[in-house]
Structures are given as structure tokens and as C-alpha cells.
Amino acid sequence: MASVRLGGNSNADPKVVEFLRESHVFQEVAGENAETYINWNDGRETRPVFTVQTSKNYFAALGIPVALGRGWMESDPNEVAVLGYQFWRKQLHGDLMILGRTLQFDGRAYTVVGVLPESHRTLIGYGFSPDVYVPRYLDGTTLAMYARLKPGMALGEARAALRTLAVRLDAAFPGRWKYSDSVIATPVGGFARLRQDKKMMTVGLFFAVLLIVVGLVLLIACVNVAGLLLARSSARRHEIAIRLALGASRGRLFQQLLAESLLLSLAGTALGFAFALGVARFLASVPLPVPLPIRLHIEPDWRVVTYAAMLAIVTTIASGLTPAWQSVKDSLTSNLHRERKLRLRRGLVVAQVAVSFVVLATGALFLQNLFRSAAISPGFDVRNTVRAEVHLPPAAYADKRRIDLYVDQALRQLEAIPGIEAAAAARLIPFTDTTRFGSELTFTDNGEKRHASFHWNAVSPDFFRAMDIPLLAGRAFHAHDLEGTKVVIVNSAFVKRYLGPRNPLGSTFLWGDGKTPHQIVGVVRGTKNRTIGEGDIPQLYQPLDQIDNDRPRLQFVLRSATPPAAQLAVVRQALRRVEPSAGIEVATLFSSVGLAFLPSQIGAVLMGSIGLLGLLLAAIGLYGVLAYSVTRRTREIGIRMAVGATGREISRMILLDAAGLLAVGSVAGLAIALVVTRPLSMFLVPGLSPSDPTSFAGVIVVLAGTGVLASLGPVRRAIAIDPMRCLRYE
């Protein structure tokens with residue numbers, strides 16, 4: 001299965017899908033648009049639900065299984081629907097008699113023919129779980145194309161065939177853009193998609209970093225277990241010596257000790273696997289603070305079980321091999337030789353501290369990233385604003401005139417609400433949706449052409465006041481702009497990148513259809529568009545009245561002098577009065593921009609919690625070594641106390657011992673962290689360096705505090721030693 005893109009566009013007209021199908025180059029070609037909504041009336045109210053519009057051959061061509069019923073066929077009418085599992089379970093209470101029933105979508109009766117399984121995954125990925133699938137029904141809806149390759153066809157052959165088909169498409173459907181300019185075919189899943197999809201590559205790299213960090217914590221745990229097994233082998237040296245004296249071979253004893261380590265590893269793996277299942281179920285049930293239906297598909301399969309089994313073997317070797325070998329090797333040696341075990345344990349603790357430093361540094365960077373991203377201004381007010389999203393019934397609002405009339409009526413209703421200082425309509429609200437254009441600008445003053453890439457939006461006159469976006473120069477849009485020249489407002493990044501020495505106010509350029517001049521009448525401060533950590537990106541705004549606004553989805557933003565949460569119900573009622581059959585969602589703008597902060601929050605939670613786990617394991621290891629050292633040095637400590645050493649001096653001796661281990665481990669960990677954290681720069685907000693000194697200093701302080709806490713037990717044990725008893729020790 002391959003995703004197909006032609007002409008540099010992610011979607012294509014349905015006629016292009018049919019053209020590829022009729023070429024018979026591929027076994028089958030289907031299309032989908034997963035960025036649509038449909039209004040569902042449940043008998044009480046109308047609300048928008050996430051919808052995938054597809055070609056009629058979608059289920060048959062892609063072989064998508066269903067849990068109940070079937071997918072639709074090309075012979076079915078357009079008014080059929082397949083429900084997503086979560087929508088069926090939550091909204092329809094898992095009704096097993098749903099097949100054949102009708103649901104009201106966009107004022108029309110749709111017959112339910114199937115329900116998708118709980119394990120269904122979309123072709124988009126990222127856990128996206130839409131509510132409803134329907135055949136394409138809106139004119140102008142473009143489709144992302146997917147091709148099922150013929151048996152034995154390689155992806156390279158598919159690309160070569162697509163290049164030929166793209167040339168034929170250019171001849172059959174001539175237009176401004178040529179399909180042959182860009183021909184892309186990528187796998188829809190697996191490592192091949194990770195390699196070729198930049199967005200997936202970023203996600204994949206994050207989880208690769210996460211896997212490495214988890215592996216480091218596992219290494220710390222293995223070192224801990226190895227230290228405990230070394231201590232245990234010291235206690236069993238007489239037993240092992242007797243076994244050897246009675247004729248047991250060293251190889252046989254080595255196998256026995258390694259088998260004991262394997263039992264520990266298997267028990268730990270089983271407990272960890274059970275814990276992972278519980279955590280996975282919990283995470284799958286937690287709703288994410290995003291305006292999209294995202295469901296985490298964390299389900300174990302044979303690959304996870306195989307991975308767990310491999311981990312059990314690896315941990316057995318990592319934690320049990322050295323202790324077993326040392327036990328057999330040193331069982332008949334002198335105490336002097338057995339001191340090597342203590343030195344080995346101390347070396348393991350140094351390694352633990354070093355690895356813990358790396359893990360904690362990674363977690364600290366992501367925590368710092370979260371704090372800094374929360375402090376970054378998105379360029380507009382999110383605390384005193386309300387966002388409303390309206391989905392008009394397409395059949396009743398099929399032309400620009402009706403939609404413009406609705407916008408005018410809705411704005412009058414919203415502005416009349418007590419406490420509302422400004423209300424505006426827009427095609428897009430930052431962080432909830434974005435549209436980015438790549439276009440050639442032709443300046444009318446000298447004919448200069450420049451290729452520009454910018455975020456686009458169409459807004460009503462009060463948009464900048466409602467969003468509290470500062471106007472740096474010129475003016476905002478006016479109602480009379482509809483009658484005159486096409487006007488635009490740009491941000492300061494647009495001016496800096498594309499206008500050069502020109503005065504932006506009054507500058508005129510051609511873009512879009514290449515025939516209509518557009519004049520800049522204002523310059524505003526830039527805003528974030530998709531993520532809170534993005535840099536300054538050029539932006540261009542057009543008046544909503546001046547565009548061919550035939551899309552039935554609209555967004556409204558309101559600036560409130562009272563707490564925004566108190567206005568939600570009033571705003572919903574006002575919009576409902578204007579169009580009762582519209583799907584309406586109202587929320588505070590602060591809650592709507594959660595997607596922008598989600599990457600930072602996920603990184604901070606995952607890396608921070610893993611870092612704390614690594615710190616805990618390192619503290620346990622340090623405690624174990626110090627406690628073992630105190631036990632081994634009981635006679636020495638007793639003699640020191642007998643000849644006049646005070647408790648403070650004994651405490652200082654133990655603390656200095658711990659400080660030495662921490663210092664060596666921290667220096668080694670710092671050197672390693674400075675190198676291995678460099679690739680994390682792609683996940684951090686601008687201005688935060690992977691070698692951030694504040695983060696590293698915080699790690700050193702945390703490790704020092706942990707070392708002191710881990711030393712308290714051994715210190716108290718040392719100063720409680722009775723000199724008279726210890727002189728008789730051994």
C-alpha cells in the first residue's frame with residue numbers, strides 16, 4: 001500500500017482518483033479526506049463529529065475490516081455510514097442492533113451499514129480516530145490518494161508508472177499546476193514511512209530517544225541487581241567453597257548462579273509486563289487535551305512479547321554474568337582478593353551515577369522546555385477569549401451569499417452579549433487549524449517576482465482587536481473594503497522576508513490567480529500558528545468578505561471582559577438562535593490551544609518520570625554499596641572509635657566516601673551528557689540549548705541531595721557501632 005501525491009499537493013480532485021483507477025497500473029486506487037466534519041443530530045442537539053469522506057470503493061480497495069456489518073459498496077447509495085468504534089460505544093452505547101438504523105447527519109438520514117473494530121487504525125496514523133465514515137458527498141472535497149500495488153510491484157516501479165500517468169494527467173486536465181512537477185509515492189506504514197515522511201521521522205526520533213532513555217534506566221537497574229548479587233555472593237562464599245571441595249565443577253556452579261539470575265529476570269519481566277499492560281490501559285482511557293479525536297493504540301502483540309523475552313535474556317546476562325563469574329572465581333581466595341568485589345561494586349555505582357546523570361539531564365531539558373514553552377507568548381490573548389466553531393448544514397449554505405449573511409447575523413448576536421468587548425469571524429484560529437500557501441508574488445511597482453511561503457487566514461474587521469494582536473502600522477480591515485481594491489494585512493516577518501526596502505503600506509502585488517492586485521493596508525505582530533516553539537513565520541490575512549467563502553465551517557473569537565468560562569453557554573445560545581441546525585462547539589481559547597503545548601507536556605512527563613525512576617535506582621545502589629562498605633569496615637570503625645574518633649568524624653568518613661563516588665560518576669555523566677543530548681535540539685524551543693547550564697546544574701544539585709539522603713542510613717549505622725562488640729567482629 002502506498003500514499004500517492006501529485007503536483008506537490010496532499011489531496012487531489014476525485015476525477016484524478018478515477019483516472020488512476022482506470023489506468024489499471026495499480027491493483028486498486030482509493031481516496032479519503034480525513035479533515036472534514038458532519039453535523040449529527042442525536043434528537044436533543046446538533047453537534048459536529050469528525051468524519052472521513054471517501055471514494056465509494058474505499059473499503060473494498062483497501063481491505064479495511066469491520067467488526068459489525070460491512071463497508072459500503074459502489075452500488076450503495078451515498079447516504080450510508082460506517083461508525084468508528086469509540087463513537088459507537090460512547091454515543092450509541094454499543095447498540096448491537098445499530099445495523100440498518102438511520103442517523104441524522106447534516107439533516108439527511110444515513111443508514112448504518114457497519115462498525116469498525118476497536119483495533120482499527122487510520123492511514124494517517126498518530127492515533128487519529130474519526131467518528132464516522134461516509135462516501136464523499138460535498139462538491140469540492142478533495143481526496144488523499146492511496147494505491148494498492150499489484151503483487152510483485154516494487155515502490156520504484158510504482159513511482160515510474162506515476163510519472164508517466166502524471167504527464168497524461170497534465171494533458172487531460174490542464175491547469176496552473178502540473179501534476180508531473182512532483183510525483184511522490186510513500187509506504188503507509190513501517191520503517192519505510194518513517195524514513196520518507198518528515199513528520200513521522202520527527203515522531204519516530206522522539207520515541208527512539210525515549211527508548212534509549214528507558215534502556216539507560218534498565219541498565220541502571222541491571223547494575224543495581226549486579227551489585228546485590230555480588231553482595232550475596234560474598235555471603236555465600238563458604239557454601240560455594242564447600243561445593244567445590246565436594247567435587248562440584250566451576251562450570252556447573254556458574255550455570256546454577258546464572259540460572260538464579262534468570263529466575264530474577266523472568267520474575268521482573270513478568271511483573272513489568274503486567275504493569276505495562278495496566279499503564280497502557282490507563283493511558284488509552286485518558287482523554288488528551290487536543291481538539292481532535294486522538295486515541296492511543298497501546299496493545300501488546302507477539303512482537304512486544306518477543307521483545308520482553310529478549311529483555312529477560314539481556315538483563316540476565318547484564319546483571320548475572322559478572323557476579324556469577326566472580327563468585328566461582330573468588331570462592332577459595334583470600335579476603336584480600338575478595339576486596340575486588342567491593343571495588344567492582346563501587347565501580348558499578350559510579351556507572352549508575354553517570355547513567356543517571358544522562359537520564360536526569362534529558363528529563364531536566366524536557367522540563368525546562370515545558371516551562372519555557374509555557375512562558376512563550378503565542379502572540380495573542382488566550383486568557384480572556386472564547387472560541388466558537390460552527391458547522392453550517394452544507395445543503396442550506398451552498399453559496400457565499402448565504403454564508404456571508406449568516407456571519408453578519410451571528411456577529412450582531414455575539415456583540416450584543418453583555419461583557420463581550422469584540423467579536424470576529426475567521427476561517428482559521430491558530431493552533432486549531434492552519435493553511436499554508438506557497439505562491440509567487442509579483443510586485444506591480446517593478447515587476448519583481450518572489451516565491452513566498454506563508455500562513456494564510458481570512459478574518460472579519462474586529463479579528464485583531466478580539467485576539468489582541470497588536471497593529472504595528474496602517475489600519476485594520478473595514479466594512480467598506482468589500483467595495484474597493486483587494487486588500488491584505490501581513491505580519492512583520494512577511495515584510496522582512498519579502499518586501500525588502502519597500503514601504504509595506506500601499507505596496508501592491510499579484511498572487512493567487514495572478515491577475516488581481518492586492519494592496520497591503522496594515523502590518524501586525526506575528527503569532528504562533530501550529531506549535532508554540534515555532535519561529536517567526538510570514539502571515540497574510542484577507543478580509544473574510546473578499547474571499548470566495550463557500551466553506552460551511554466557520555470560527556468565531558470573542559474578547560470578554562468577564563471570565564470566558566462564564567460566557568460559553570450564552571455564546572452557544574446566541575449562535576443557536578441564528579441557525580438551529582448548525583453544529584456548534586464553544587470553548588475558552590485557552591482550552592482550545594492545548595495541542596500546541598502537548599509535545600512539551602508529553603516530553604516533560606515521560607522524560608521527567610523516567611529520570612526520577614533512574615534517580616531512585618541510583619540512590620538504592622549507592623545506599624547498598626555504602627551499607628555493605630560499613631558492614632565490611634565494622635572492625636575498622638570500631639577501632640577508630642575506640643582510639644577516640646567521634647561520631648562526626650565517622651559520619652564525615654562515610655559521607656566523603658559517598659561524595660567521591662558521586663563526584664566521579666557526575667563528572668563522567670556530564671561528559672557523556674554533553675555529547676548525547678545534542679540531537680535533542682530538534683525537540684526544544686528556540687533559545688534552549690541541549691547543553692543548558694541551568695538544567696545540568698539542577699541535575700548536579702539533585703544528585704548531591706540524593707547522595708546525602710542515601711548516606712543517612714549507613715551513617716547512622718556506622719555511628720551506632722559498639723566499639724567493644726566490633727573488636728570481637730570476625
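This text follows the structure it describes.
Being a predicted model, the structure only gives us computed values, none of them experimental.

1. Digging into the environment of asparagine 457
In step 1: Relative to the helices and strands, asparagine 457 resides in strand 14 (residues 449–459).
In step 2: Along the primary structure asparagine 457 and threonine 435 are separated by 22 residues, whereas in three dimensions their C-alpha atoms are 7.3 Å apart.
In step 3: With residues near it in sequence (within four places) discarded, asparagine 457 still touches Ala426, Arg427, Leu428, Phe463, Leu540, Tyr541 and Gln542.

2. Some words on helix 13 (residues 492–499)
In step 1: Along helix 13, the positions that sit buried rather than exposed are Ala493, Phe494, Val495, Tyr498 and Leu499.
In step 2: Contacts from the buried residues of helix 13 go to strand 13 (436–443), strand 14, strand 16 (486–491), strand 17 (508–510), strand 18 (517–524) and strand 19 (539–543).
In step 3: Looking one or two residues beyond helix 13, the residue adopting positive phi is glycine 500, at roughly 60°.

3. Here's the deal with empty space enclosed by the protein
Take a probe with the size of a water molecule and roll it over the atoms, and the empty space left behind shows itself.
In step 1: Within this structure, the stated rule accounts for four cavities of 30 Å³ or more.
In step 2: The calculated volume of the largest cavity comes to roughly 120 Å³.
In step 3: Lining the largest cavity are 16 residues, and of these Pro430, Trp456, Asn457, Asn529 and Gln539 lie nearest its centre.
In step 4: Elements represented by at least two residues in the lining of the largest cavity include exactly strand 14, helix 12 (463–467) and strand 19.
In step 5: Residue classes in the lining of the largest cavity are distributed as nine nonpolar, six polar and one charged.
In step 6: By volume, the second largest cavity amounts to about 60 Å³.
In step 7: For the second largest cavity, the lining is made up of eleven residues, of which Pro461, His478, Pro543, Leu544 and Asp545 are closest to its centre.
In step 8: Of the residues assigned to the lining of the second largest cavity, the class counts are six nonpolar, three polar and two charged.

4. So, a nonpolar patch on the surface
In step 1: Taken together, the side chains of Phe275, Val279, Phe282, Leu283, Val286, Leu296 and Ile298 make up a nonpolar region of the molecular surface, amounting to roughly 600 Å² of accessible area.
In step 2: With respect to the helices and strands, the residue valine 279 is situated in helix 8 (residues 250–285).

5. Topic: the side chain of glutamine 555
In step 1: Among the secondary structure elements, glutamine 555 is positioned in strand 20 (residues 553–560).
In step 2: If near-sequence neighbours (up to four positions away) are discounted, glutamine 555 is found in contact with Arg387, Ala388, Glu389, Ala424, Ala425, Ala426, Arg427, Leu428, Ile429, Thr432 and Asp433.

6. Quick word on the packing of aromatic side chains
Any two aromatic rings considered together are summarised by their centre-to-centre distance and by the angle between their planes.
In step 1: Counted according to the given criterion, the structure contains 22 aromatic pairs.
In step 2: Ring centres 5.6 Å apart and planes at 80° place the aromatic pair phenylalanine 463 and phenylalanine 464 in the edge-to-face group.
In step 3: By relative accessible area, phenylalanine 464 is classed as buried at 5%.
In step 4: Through successive ring pairs, a cluster of aromatic residues spans Phe443, Phe454, Phe494, Tyr498, Phe509 and Trp511.
In step 5: One Lys or Arg, arginine 502, reaches over the ring of phenylalanine 443 and ends 4.0 Å from the middle of that ring.

7. Some remarks on helix 11 (residues 400–415)
In step 1: The end-to-end C-alpha separation of helix 11 is 22 Å, in line with the 22 Å expected for 16 residues at 1.5 Å each.
In step 2: Where helix 11 is concerned, the buried positions are Ile403, Asp404, Tyr406, Val407, Ala410, Leu411 and Leu414. Each buried residue of helix 11 lies within a common arc of 155° when the element is viewed along its axis, so the set occupies one face. In this structure, helix 11 carries Arg401 and Arg412 as exposed residues pointing more than 90 degrees from its buried face.
In step 3: Looking at where helix 11 begins, the residue whose side-chain oxygen comes 3.1 Å from the main-chain nitrogen of arginine 401 is aspartate 399.

8. Notes on the pattern of salt bridges
In step 1: Counted by the stated rule, this structure contains 18 salt bridges.
In step 2: The salt bridge partner of glutamate 74 is arginine 21, with a shortest N-O separation of 3.3 Å. Taken together, the residues span a long stretch of sequence, with glutamate 74 in the loop between strand 4 (68–69) and strand 5 (80–83) and arginine 21 in helix 1 (residues 14–23) at a distance of 53 residues.
In step 3: On the accessibility criterion, arginine 21 (18% relative accessible area) is buried.
In step 4: Measuring nitrogen to oxygen at the nearest pair gives 2.9 Å for the salt bridge that ties arginine 502 to aspartate 445. With arginine 502 in the loop between helix 13 and strand 17 and aspartate 445 in the loop between strand 13 and strand 14, this pair connects stretches of sequence that are 57 residues apart.
In step 5: Owing to a relative accessible area of 15%, arginine 502 belongs among the buried residues under this scheme.
In step 6: The exposure class of aspartate 445 is exposed, given its relative accessible area of 53%.
In step 7: Residues joined by salt bridges that share partners form a network here, namely Glu18, Arg21, Glu28 and Glu74.

9. Some words on the packing of helix 1 against helix 4 (residues 155–172)
In step 1: Contact pair helix 1 / helix 4: the axes reach a minimum separation of 11 Å and the direction vectors enclose 125°. What the angle tells us is that helix 1 and helix 4 run oblique. Where helix 1 crosses over helix 4, the two elements pack in a sense that is right-handed. From helix 1, Val16, Phe19, Leu20 and Ser23 reach across to helix 4, where they touch Leu162, Leu165, Arg168, Leu169 and Ala172.
In step 2: Residues of the contact of helix 1 with helix 4, tallied by class, amount to seven nonpolar, one polar and one charged.

Cut-offs applied
- Residues numbered from 1 in each chain as written.
- Predicted model: local features only at pLDDT ≥ 70, side-chain atom pairs only at ≥ 80, totals over all residues.
- Heavy atoms only, no water.
- Helix = DSSP H or I, 4+ residues; strand = E, 2+ residues; numbered from the N terminus.
- Contact = heavy atoms within 4.5 Å.
- Buried < 20%, exposed > 50% of the residue type's maximum accessible area, 1.4 Å probe, protein only.
- 1 Å grid on protein atoms, 1.4 Å probe; cavity = no way out; pocket = protein on both sides within 12 Å on 5 of 7 lines; lining within 4 Å.
- Points joined across faces, edges and corners; volume = space filled by probe spheres on them.
- Nonpolar A, V, L, I, M, F, W, Y, C, P; charged D, E, K, R; others polar.
- Patch = residues over 30% accessible without salt bridge, like charges linked within 9 Å, V, L, I, M, F, W, Y side chains within 5 Å.
- Areas by Shrake-Rupley, 256 points an atom, 1.4 Å probe, with all protein chains shown as cover.
- Salt bridge = Lys/Arg side-chain N within 4 Å of Asp/Glu carboxyl O.
- Phe/Tyr/Trp six-rings, centres within 6.5 Å; stacked < 30°, edge-to-face > 60°.
- Lys NZ or Arg CZ within 6 Å of the ring centre and 35° of its normal.
- Expected span 1.5 Å × (residues − 1).
- Arc of directions from axis to C-beta.
- Polar contact = N/O pair within 3.5 Å; in protein donor to acceptor, adjacent residues only side chain to side chain.
- Axes fitted to C-alpha atoms, helices over the stretch in contact; angles between N-to-C directions.
- Parallel < 35°, antiparallel > 145°, perpendicular 65-115°, else oblique.
- Left-handed = near helix turned anticlockwise from the far one by under 90°.

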